[in-house]
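Coordinates in review
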Amino acid sequence: MFDQFAEIPAYPLVFPLFWGAFLIFALVVMRHVRVWMAVRPEAPRARVEVPRRIAGLFRYAILQTRMYRETRVGVMHLGLFLGSTILLIGNINFVLGGLPEAIIGWPLDGILWTLLVGLQNTVAVFALAAVAYAFFRRLVTKPPRLLFTRTALATLTFIAAVVSTELLAQSFEAVAAPIPGAYVANALAVPLSAVGEEAAHTAFVVLWWAHMIVISAFLIYIPFNRHFHVYTSFVNIWLRKLEPRGMLPAMDLEREDATFGIRSLADLGWKDVLDGFTCTECGRCEAVCPAHQTGKTLSPRSLIMGIRKMSIAAEQGVSVIPNSPVVRETYGLDDTRIDPARLAAPVVGTAISYDEVWDCVTCGACVEACPVTIEHVDKIVGLRRNMVLEDSRFPQELTAAFRGMESVANPWGQPPTARLDWTKGLAFHVRTAAEVQAAGELDTLEVLYWVGCAAAFDDRNKRIARAVATCLDAAGISFAVLGQEEACTGDPARRMGNEYVFQILATGNIETLNRYGIGERTIVTACPHCFNTIGNEYGQLGGTFKIRHHSEFLADLIKSGRLQLGPDGLPGRTITYHDSCYLARYNGVIAAPRDVLGAIPGVTLTEMDKHGRQSFCCGAGGGRMWMEEARGTRINEARTLQVLDTGASMVATACPFCMVMLRDGLDDAGRGADTENPVTAQDISELLAAAISGPADRDVPEGRRLAVV
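The text that follows walks through the structure, step by step, so that each part is easy to find. What you are looking at is a predicted structure, and each value in this text was computed from that prediction instead of being measured.

1. Digging into the overall build of the chain
Per the secondary structure count, the chain includes 32 helices and 10 strands. Each principal axis of the C-alpha atoms in the chain carries an extent, and together these give about 100 × 65 × 50 Å. When the 709 residues of the chain are sorted by exposure, 55% land in the buried category. Relative to all contacts within the chain whose residues are 6 or more apart in sequence, the contacts with residues 24 or more apart total 79%. When the 65 basic and 72 acidic side-chain charges of the chain are each reduced to a single mean position, those positions are 2 Å apart.

2. A look at the pattern of salt bridges
Under the counting rule described, the total for this entry stands at 39 salt bridges. Arg 631 is paired through a salt bridge with Asp 359; the nearest N and O atoms lie 2.5 Å apart. Linking Arg 631 in the loop between strand S7 (603-605) and helix H30 (635-645) with Asp 359 in helix H17 (residues 354-359), this pair joins segments that are 272 residues apart in sequence. Of the charged contacts in the structure, one is a salt bridge between Arg 495 and Asp 491, with a shortest N-O distance of 3.6 Å.

3. What to know about the packing of aromatic side chains
Tallied over the entire structure, the rule returns 20 aromatic pairs. Consider the rings of Trp 19 and Phe 22, whose centres lie 5.5 Å apart with planes at 75°: the pair is edge-to-face. With Trp 19 and Phe 22 both in helix H1 (residues 14-38) and three residues apart, the pair spans about one turn of that helix. Taking relative accessible area as the criterion, Trp 19 reaches 35% and is therefore assigned partly exposed. Relative to Phe 277, the ring of Phe 228 lies with its centre 6.4 Å away and its plane at 90°, an arrangement referred to as edge-to-face. A residue pair is termed long-range when its members are at least 10 positions apart, and Phe 228 in the loop between helix H9 (197-221) and helix H10 (229-238) and Phe 277 in helix H11 (residues 270-278) qualify at 49 residues. Here Phe 228 matches Phe 277 in class, with each residue buried.

4. A short note on a nonpolar patch on the surface
A surface patch of nonpolar side chains, amounting to about 610 Å² of accessible area, comprises Trp 19, Phe 22, Leu 88, Ile 92, Leu 96, Leu 99 and Ile 103. Listing elements by their share of the nonpolar patch, those giving two or more residues are H1, helix H4 (88-95) and helix H5 (99-104).

5. Things to note about the pairing of strand S9 (residues 680-683)
Pairing of strand S8 (residues 650-653) with S9, which is carried by four bridges, proceeds in the parallel orientation. Its bridge partner lying in S9, Met 650 is registered against Thr 680. Between the parallel pair S8 and S9, the chain is carried across by helix H31 (residues 656-668), and the sense of this crossover is right-handed.

6. Here we look at the pairing of strand S6 (residues 573-577)
Direction of pairing for S6 relative to S7: parallel, over a ladder of three bridges. By the bridge assignment, Thr 574 is partnered in S7 with Thr 604. Two strands pair when backbone bridges link them, and S6 and S8 are joined in this way by three bridges, in the parallel orientation. Following the sheet pairing, Thr 576 is matched in S8 by Val 651.

7. Observations concerning the sheet that holds S6
The four strands are arranged S7-S6-S8-S9 in an open sheet whose pairing can be described as parallel. Each edge of the sheet is formed by a strand with only one pairing partner; in this case those strands are S7 and S9. Across the sheet, the mean angle from the axis of one strand to that of its neighbour is 35°, orientation sign disregarded.

8. Structural notes on the side chain of His 211
Tracing the chain through its elements places His 211 in helix H9. What makes His 211 buried here is its relative accessible area of 1%. In this structure, His 211 is in contact with Asn 91, Phe 94, Val 162, Thr 165 and Glu 166, ignoring residues within four places of it in sequence.

9. Quick look at unusual backbone geometry
One non-glycine residue with positive phi stands out, namely Glu 49, at about 50°. Following the sequence through the fold, Glu 49 ends up in the loop between H1 and helix H2 (50-62). Of note in the backbone geometry, Thr 362 takes a positive phi value of approximately 50° without being a glycine. Tracing the chain through its elements places Thr 362 in the loop between H17 and helix H18 (365-369).

10. Thoughts on the sheet that holds strand S3 (residues 522-525)
With parallel pairing, four strands are arranged side by side in an open sheet as S2-S1-S3-S4. Only two strands of the sheet have a single neighbouring strand rather than two, namely strand S2 (479-480) and strand S4 (546-549). Pairing between S3 and S4: four bridges, direction parallel. Across the sheet, residue Ile 523 finds its bridge partner in S4, namely Ile 547. Packing against the sheet, helix H23 (residues 459-474) makes contact with strand S1 (447-450) and S2, and its axis sits at approximately 165° to S1. Contacting S1, S3 and S4, helix H26 (residues 528-537) crosses the sheet at an angle of about 160° to S4.

11. Topic: H26
Of all 10 residues making up H26, nine are buried, and the element is well covered by its neighbours. Among all positions of H26, only Pro 528, His 529, Cys 530, Phe 531, Asn 532, Thr 533, Ile 534, Asn 536 and Glu 537 are buried.

12. Some remarks on the state of the cysteines
What the rule picks out here adds up to zero disulfides. Not part of a disulfide, Cys 285 finds its nearest cysteine sulfur in Cys 279, a span of 6.3 Å. A relative accessible area of 10% places Cys 285 in the buried class. No disulfide involves Cys 366; its sulfur sits 6.3 Å from that of Cys 363, the nearest cysteine.

13. Concerning the environment of Ala 487
Within the secondary structure, Ala 487 is located in the loop between S2 and helix H24 (491-495). Under the relative-accessibility criterion, Ala 487 is labelled buried at 13%. C-alpha of Ala 487 to C-alpha of Asp 609: the two residues are 122 residues apart in sequence and 37 Å apart in space.

14. Quick notes on the environment of Val 214
Note that Val 214 resides in helix H9. A C-alpha to C-alpha distance of 40 Å links Val 214 and Val 48, two positions 166 residues apart in sequence. Here Val 214 is in contact with Phe 158, Ala 161 and Val 162, once residues within four sequence places are set aside.

Definitions and limits used
- Residues numbered from 1 in each chain as written.
- Predicted model: local features only at pLDDT ≥ 70, side-chain atom pairs only at ≥ 80, totals over all residues.
- Heavy atoms only, no water.
- Helix = DSSP H or I, 4+ residues; strand = E, 2+ residues; numbered from the N terminus.
- Buried < 20%, exposed > 50% of the residue type's maximum accessible area, 1.4 Å probe, protein only.
- Contact = heavy atoms within 4.5 Å.
- Lys, Arg positive; Asp, Glu negative; His and termini not counted.
- Charge placed at Lys NZ, Arg CZ, Asp CG, Glu CD.
- Salt bridge = Lys/Arg side-chain N within 4 Å of Asp/Glu carboxyl O.
- Phe/Tyr/Trp six-rings, centres within 6.5 Å; stacked < 30°, edge-to-face > 60°.
- Patch = residues over 30% accessible without salt bridge, like charges linked within 9 Å, V, L, I, M, F, W, Y side chains within 5 Å.
- Areas by Shrake-Rupley, 256 points an atom, 1.4 Å probe, with all protein chains shown as cover.
- Pairing = 2+ DSSP bridges.
- Right-handed = clockwise from strand over helix to strand, strands pointing away.
- Axes fitted to C-alpha atoms, helices over the stretch in contact; angles between N-to-C directions.
- Disulfide = S-S within 2.5 Å.

Any functional reading would require information beyond the geometric quantities listed.
Set out below in structure tokens:
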């Protein structure tokens, strides 16, 4: 029995050593799980859309694609990951008495096991190089986003000890005779043979037992520190949110026992707590957070780490080895229950401050950057919901926006009668859906143009509404608007935590859209926030509509030939394009706006460093449009500097909020429209409208062609 380990003295002791450590590991993990089971339950996810979950597990957990945005760091982490997984095969063989070797080595006369040993040697060298580079980064280069902690250094030391003791033990073993497949160990055995076979055997035994002691100690250490993420990340990625990223969790406001949002640890879902234990503390979320990067106190990483700390604190009083059911029943000594007072600990003030909650612009950059698919934004909005709906605790600047949405259905507080003011002066009539219905022509309607509050009420953004309508008319599209019947989609209210107002506005809009049969037609909007809310969130309230962002629709009109551009275009225009967070990051619309700009003759597009899914927020999302930035640098100022760094004479946008923020940023930077060296902000529809020409069979009057302003 155990013939392949006959040269190891007292080999059977490996079983109580390792499996005892594994038992402690399992008991500590189960104590973590008791807290997860005590918080708010969530709908089962594990068996929903299994093929997508498998693909995500392969992409994010095994290939670790998000790590390679920093190539050297990605390669380093791959080495650490492989060192924590592939090398386990050898360890499993040790603690199972050689059973894996017997099974894998049986077919093909041991060739498979030989190949596996060779792979393990390769991974061991890779892992040691990765550990060396990791130490170099933490002790020498010290990137700002990395936390310098003893825990991180201890974890790296453990990994180095585990890998090196295994490789060196094998090398000294190979002094007696080469090991098939172990090419690295065999090579190291050549110089090590100078010590003599007896000394080499002694070194092998010492290192082998040192390896087993270290790996057993590491196993006990893992559930108490961040390295636990190596195991929870697989579970977390499998159970990740598969709904559209722009869809916030639904709330049933009619339930009598409903808890509005997140106040305490108990209000968090078990997946939220699992997120805390999955956090790698890598700081990628913090490094891309526009609030944090402009001097605000908000740290998405600190929020997730804070949730983990709250969960661990709740474990106090819960035994690692609980009393038996008989003892609990007989003496009432239930040491498995979580202290209700610890579950009731408030998240705001413990894991995150009040100011940090309201610093968030809900841009989703943190979620995009996280290598283990943690959802930060949903948690922050959950905290806002509780403060707004239960405590009426929110920044005073939001009062006017809330009042406007409740009373006149828009955060600008303007009367609905002003919703069609943008149409004045156009060379054609913009019909309302009511007019089309009265004329009995709903069946001929191709498109409902959803104008949005910004384009209806903000003077600068009215030009965008005029440009979109001009392009639709020039292409011969039969379209209409809702006019006074259009209300705010509710996006600002929902992101600011006022779910009650959101649902009032959303249900009203759904009723209006259904009354005109818009579910059978296409909605086009120039506002990414309206686009996201109608397309991704109205379905929660029973409203299913086909909606397209104007960039996609206009790009298709150009491609199909329905919208033709003049030969002159916009000569000599060097333009940089700013990606809206809710368009690019939340909904993946990245190519269409560039296709529109690329179709205009004379336009040269130059990209900012942060573009596409890695775009930098304008600072207006999450209700920040109606709030002042009292701390740090203004986010739109930071983005404006990135625009100016390109040297472009114009920045194109595809979002009315971004238009306002970039225009103000350019003015504050002394590069506004009336300055000596101006950089102007234009929506892609404005640029397109200035370059259109009518089809051969349809004249477009000059009044319908908009000048670039």
